[in-house]
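Spelled out from the first residue to the last, the chains are:
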Amino acid sequence: DIQDEVIALAEHDGTIVVAGKWDGLKVWENGTPCNGTPADKTFRNTVGSIDIGNLQSIAYDNKYFYLLDGSGTLHVWKDIPAEGDEPKFSRELDTFEGILYSDGKYLSISGMDVFKFAKISKLSENVEFEEIQTSDRPQMIGHGIIQDKQVFISDLSQNRVLAWQDLDAAVSGDNPDAILGAEDPEDTDPDKTKNGLFWPLRLDFDGERLWVGEYKF
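In this text, all values refer to a predicted model and were calculated from it rather than measured experimentally. (Residues numbered from 1 in each chain as written. Predicted model: local features only at pLDDT ≥ 70, side-chain atom pairs only at ≥ 80, totals over all residues. Heavy atoms only, no water.)

1. What about the overall build of the chain?
Each helix and strand counted, the chain has one helix and 20 strands in total. Relative to a compact globule of 217 residues, whose C-alpha radius of gyration would be 17 Å, the chain shows 18 Å and is just as compact. Here the C-alpha coordinates of the chain stretch approximately 50 × 40 × 30 Å along the principal axes. Per-residue burial for the chain yields a buried fraction of 45% across its 217 residues. Here the analysis covers contacts within the chain between residues at least 6 apart in sequence; of these, 38% occur between residues at least 24 apart. For the chain, the accessible surface area stands at approximately 11,600 Å², while carbon and sulfur atoms represent 43% of it. Positive and negative charge centroids in the chain, built from 20 and 41 side chains respectively, lie 2 Å apart. (Helix = DSSP H or I, 4+ residues; strand = E, 2+ residues; numbered from the N terminus. Rg over C-alpha atoms; globule rule 2.2 N^0.38 Å. Buried < 20%, exposed > 50% of the residue type's maximum accessible area, 1.4 Å probe, protein only. Contact = heavy atoms within 4.5 Å. Areas by Shrake-Rupley, 256 points an atom, 1.4 Å probe, with all protein chains shown as cover. Lys, Arg positive; Asp, Glu negative; His and termini not counted. Charge placed at Lys NZ, Arg CZ, Asp CG, Glu CD.)

Rendered as structure tokens:
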């Protein structure tokens, strides 16, 4: 049970990390918050010297733990930090309302008008993130993920999800292989039916199914 407004959640190899608006980061290395088990670690205001009071997002994989702070800076630790641990490196990104996602090979960051990514093997304080542009005038990108070199981007304001089977094709600006929630590329109307979408936001992909979290008024 979490008595907080959850901003982000990450899980890897049985370890669960929850970022709350008021209570900071809580880490469960044994058990889960769902069964009432208390957190094994809690970071209230800082991790090392990093202010986490207004953090935007977190992610966790087999190589790093990632935190996007309120100023739009990405901080990277080699694992879940211990009390006082400083990041391995940090990278200013000037991303706001950002959402992090990692499939273990690529780290992607979605902002309200941009989707960009970098290879995890090349991450450093100087790494350049590559952008995938969905239109000449992007508006309100909800969430984008890369999973096994497939790309999915929720086009929030256009009420649809764009999908590419190959990352290189998405980077090259090719048309998406599929548009979910729309009958054709010109169809941008919101739809409350089971075949349509109304402000799709969060995405996840388990290798077989794409999960879409949306608003349905």
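We are not done yet, so read on.
2. A few points about the sheet that holds strand β1 (residues 6-12)
One open sheet accounts for four strands, arranged β1-β2-β3-β4; its pairing is antiparallel. The strands lining the two open edges of the sheet, one partner per strand, are β1 and β4 (41-43). The average angle at which neighbouring strand axes cross in this sheet is 15 degrees, direction not considered. Two strands pair when backbone bridges link them, and strand β3 (residues 24-28) and β4 are joined in this way by three bridges, in the antiparallel orientation. (Pairing = 2+ DSSP bridges. Axes fitted to C-alpha atoms, helices over the stretch in contact; angles between N-to-C directions.)

3. Quick look at the nonpolar core
Membership of the largest hydrophobic core comes to 17 residues, with the highest contact counts inside it found for V17, L25, I52, L55, I58, F65 and L67. Those elements that provide at least two residues to this core are β1, β2 (15-20), β3, β7 (57-60) and β8 (65-68). With residues up to four places along the chain from it excluded, the contact list for L25 reads V17, V18, A19, K41, T42, F43, V47, I52, L55, I58, F65 and L67. Core analysis: the next-biggest nonpolar cluster, separate from the first, contains 16 residues, Y64, L68, L93 and A118 among them. (Core = buried A, V, L, I, M, F, W, Y, C linked by side-chain atoms within 4.5 Å.)

4. Things to note about the pairing of strand β17 (residues 160-164)
Of all five residues that make up β17, five are buried, and the element is covered over most of its length. Of the two faces of β17, both are covered, the one formed by R160, L162 and W164 as well as the one formed by V161 and A163. Two elements, strand β16 (residues 150-155) and β17, share five bridges in a ladder whose sense is antiparallel. Bridge pairing links D155 to R160 in β17. The hairpin formed by β16 and β17 contains four residues between the paired strands, and N159 there has a positive phi angle of roughly 60 degrees. As paired strands, β17 and strand β18 (residues 178-180) are joined by three bridges and run antiparallel to one another. The residue bridging A163 from the neighbouring strand is A178, located in β18.

5. Examining the sheet that holds strand β12 (residues 106-110)
In spatial order, the strands read β11-β12-β13-β14; together these four strands make up an open sheet with antiparallel pairing. Where the open sheet ends on each side, the last strands, each with one partner, are β11 (99-102) and β14 (130-131). Where β11 meets β12, four bridges bridge the pair, whose relative direction is antiparallel. Each residue of the ladder has a partner; that of I99, found in β12, is S110.

6. Section: the packing of aromatic side chains
Under the criterion given, the structure shown has seven aromatic pairs. Ring geometry for Y60 against F65: centres 6.0 Å apart, planes inclined by 75 degrees, an arrangement best described as edge-to-face. When sorted by exposure, Y60 lands in the same class as F65, which is buried. Between F65 and W77, the ring centres sit 6.1 Å apart and the planes meet at 45 degrees, which makes this aromatic pair tilted. Taken together, the residues span a long stretch of sequence, with F65 in strand β8 and W77 in strand β9 (residues 73-77) at a distance of 12 residues. Both residues of the pair, F65 and W77, count as buried. One aromatic cluster in this structure is built from Y60, F65 and W77. (Phe/Tyr/Trp six-rings, centres within 6.5 Å; stacked < 30°, edge-to-face > 60°.)

These figures come from the coordinates and say nothing about function on their own.
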